[in-house]
Amino acid sequence: MADKGLLLVLSGPSGVGKGTVKSAIVENKVFPFEYSVSMTTRKPRPGEVDGQDYFFVSEERFQEAIKNGELLEYNNYVGHYYGTPLAPVKEMLHEGKDVLLEIDVNGAQKVREKMPDGVFIFLTPPDLHTLHLRLEHRGTESEDVIRGRIKQARNEILEMEDYDYAVVNDTVANAVDHIKAIVDAEHVSVKRVIDDYRKMVKED
Ligand code: 5GP
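Because the structure is a prediction, the values reported are computed rather than measured.

Cut-off values and rules
- Residues numbered from 1 in each chain as written.
- Predicted model: local features only at pLDDT ≥ 70, side-chain atom pairs only at ≥ 80, totals over all residues.
- Heavy atoms only, no water.
- Near = heavy atom within 4 Å.
- Polar contact = N/O pair within 3.5 Å; in protein donor to acceptor, adjacent residues only side chain to side chain.
- Areas by Shrake-Rupley, 256 points an atom, 1.4 Å probe, with all protein chains shown as cover.
- Helix = DSSP H or I, 4+ residues; strand = E, 2+ residues; numbered from the N terminus.
- Nonpolar A, V, L, I, M, F, W, Y, C, P; charged D, E, K, R; others polar.
- Salt bridge = Lys/Arg side-chain N within 4 Å of Asp/Glu carboxyl O.
- Buried < 20%, exposed > 50% of the residue type's maximum accessible area, 1.4 Å probe, protein only.
- Pairing = 2+ DSSP bridges.
- Contact = heavy atoms within 4.5 Å.
- Axes fitted to C-alpha atoms, helices over the stretch in contact; angles between N-to-C directions.

### Overview of the site of the ligand
The full set close to the ligand counts 15 residues, and Ser38, Arg42, Tyr54, Tyr82 and Glu102 are the nearest of them. A distance of 3.3 Å separates an oxygen atom of the ligand from a polar side-chain atom of Lys18. Measuring from a nitrogen atom of the ligand, one finds a side-chain N or O atom of Glu73 at 2.7 Å. Protein burial of the ligand: of its 510 Å² of free accessible surface, 88% is covered by the chains. At the level of secondary structure, the elements contributing two or more residues to the shell around the ligand comprise strand E5 (71–77) and strand E6 (80–85). Across the shell around the ligand, the residue classes tally to four nonpolar, five polar and six charged.

Here's what the structure looks like:
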């Protein structure tokens, strides 16, 4: 197991700031890892780069990827498909590299079924009041929509019971620090290093 990289799955309720925390980890190269670039049918936002932020593809291409079994998991989120290409993830893990996925809770559940060895990190808001304030602050949603989002978040927060770690996104810097500590600890967890030691004692 030790010569295999860690599969790090960062997930959590919508609106919690997964994308921002992921970007901070990627931009600051907080620890050595490869980011798994997802495939999506949504259009690029200004500044987003194809092959770096996402592989932006047509609906036909996405359906083909599903049919060919090219995806580890996929989901339809507000009318657009998002999926994790399987081959690069397998290859990078095999090469001993840690791989980071940033996906929604539905996708994380599917990854857990297929790759239970992964490290599943659940990002949470400090409390529902803060989530409410953040959604209000965006100023893009009506009070009704915000209430719906909070209701959805209440249900999604309970999904953390299937995860390994809960990290509070109070500030991005704190969340990133906690994630780094988790990755460091996972690298020395006995279940991941025991095979190395088994080999070591056999050789002597
Ligand atoms: P956005 O369009 O804002 O970049 O992403 C929308 C949502 O899709 C976010 O919650 C993000 O975590 C999720 N997402 C991004 N890539 C994937 C993926 O490959 N699979 C799944 N299931 N969700 C994804």
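Moving on from the coordinates now.
### Details of the pattern of salt bridges
Under the criterion given, the structure shown has nine salt bridges. Residues Lys97 and Glu95 are paired through a salt bridge, measuring 2.9 Å at the closest nitrogen-oxygen approach. Lys97 gets classed as partly exposed once you look at its relative accessible area, which sits at 34%. Bridged by salt links that share partners, the residues Arg61, Glu64 and Glu70 form one connected network.

### A short note on the sheet that holds strand E9 (residues 165–168)
Across the sheet, five strands lie side by side as E2-E7-E1-E8-E9; this open sheet has parallel pairing. Lying at the two open borders of the sheet, with one neighbouring strand each, are strand E2 (34–35) and E9. Pairing geometry for strand E1 (residues 7–11) and strand E8 (residues 119–124), over four bridges, is parallel. Its bridge partner being in E8, Val9 is matched across the sheet by Phe120. Docked against the sheet, helix H1 (residues 18–27) engages E1, E2, strand E7 (99–102) and E8, running at close to 155 degrees with respect to E7. Against the sheet, helix H4 (residues 105–114) touches E1, E7 and E8, its axis set at about 155 degrees to E1.

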